[in-house]
Amino acid sequence: MSLAICSLKWEAAHTGAQRITYDSDGYHLVRFPYITGDEQYDRWNMHDPGKGAGAASAFPDARSGLIWPSHDGWGVLSALVFWEADAAGLEYRARFVRDPLNLTAAGYNSTATTDCGPTRGGQYRSYLWQMFVHPDTPVGLKVSVRGAGDVKLSTPLLCAEFKLAIHTDVKVP
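No experiment lies behind these values; they were computed from the predicted model shown.

**Q** Please explain the pairing of strand β10 (residues 157-167) as it appears in this structure.
**A** Here is the key point about a regular strand: its side chains alternate between the two faces of the sheet. With nine of its eleven residues buried, β10 lies for the most part within the structure. The pairing of strand β4 (residues 73-83) with β10 spans ten bridges and is classified as antiparallel. Pairing of serine 78 across the sheet is with lysine 163, part of β10.

Now the structure itself:
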């Protein structure tokens, strides 16, 4: 069975702080630079700055948060998110979203939303979800930190990774 893989990584220590802004759905689309090396791998050009609109995307615009699957197949999405310690944070959320920017006919479709309470110190989470993916529908990782009264907090991210592995040889009966 063959796999097509895209692996994205962002670190505040290497590329500077990522400004947390909330979209109308109450989540921030995590952005990733257009580079390769270490954990960044994109031989199938799934994180292509030219996809999704006429002008090329540039990190940290919203389109830099998208992976455009290279194949139809069974996608295994995984993510790693590190937040700074924030005493006001009461709930840490993440979700995988099909077409998070409503760029295609498929439209916004969230899946695998996870929320959890804080631990002592920084907040370090990993996420995993599997679903069918298609080349004409991008996927993204969205996060949110909520405080008392469900207030959205701009708790800084320290590190984020977002990966898609597509099983391209799905058997059918």
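**Q** It is not clear to me how the environment of isoleucine 166 should be interpreted in this structure. Could you clarify?
**A** For isoleucine 166, the location among the structural elements is in strand β10. Along the sequence, isoleucine 166 and asparagine 102 sit 64 residues apart, while their C-alpha atoms lie 22 Å from each other. Apart from the residues within four sequence positions on either side, isoleucine 166 is in contact with Ser2, Leu3, Ala4, Met46, Pro69, Ser70, His71, Asp72, Gly73, Trp74, Gly75 and Val133.

**Q** Can you walk me through unusual backbone geometry in this structure?
**A** Leaving glycine out, the prevailing phi sign among residues is negative, and the prevailing peptide bond configuration is trans. The linkage connecting phenylalanine 59 with the following residue, proline 60, adopts the cis geometry, with an omega of 10°. Structurally, proline 60 can be placed in the loop between β2 (28-29) and β3 (66-67). The phi dihedral of asparagine 45 falls on the positive side, at around 55°, and the residue is not glycine. With respect to the element layout, asparagine 45 can be found in the loop between β2 and β3. Classification of asparagine 45 by relative accessible area gives partly exposed; the value is 45%.

**Q** What exactly am I supposed to notice about the packing of aromatic side chains here?
**A** What the rule picks out here adds up to five aromatic pairs. Ring plane angle 75° and centroid distance 4.8 Å describe the contact between tryptophan 74 and phenylalanine 132, whose orientation is recorded as edge-to-face. Separated by 58 residues along the polypeptide, tryptophan 74 in strand β4 and phenylalanine 132 in strand β7 (residues 123-133) bring together distant segments of the chain. We classify phenylalanine 132 as partly exposed; its relative accessible area is 45%. Taken together, the aromatic side chains of Phe32, Phe96 and Phe162 make up a single cluster linked through ring pairs. A cation over an aromatic ring shows up here: arginine 146 above the ring of tyrosine 27, its NZ or CZ 5.8 Å from the ring centre.

Thresholds applied
Residues numbered from 1 in each chain as written. Predicted model: local features only at pLDDT ≥ 70, side-chain atom pairs only at ≥ 80, totals over all residues. Heavy atoms only, no water. Buried < 20%, exposed > 50% of the residue type's maximum accessible area, 1.4 Å probe, protein only. Helix = DSSP H or I, 4+ residues; strand = E, 2+ residues; numbered from the N terminus. Pairing = 2+ DSSP bridges. Contact = heavy atoms within 4.5 Å. Phe/Tyr/Trp six-rings, centres within 6.5 Å; stacked < 30°, edge-to-face > 60°. Lys NZ or Arg CZ within 6 Å of the ring centre and 35° of its normal.

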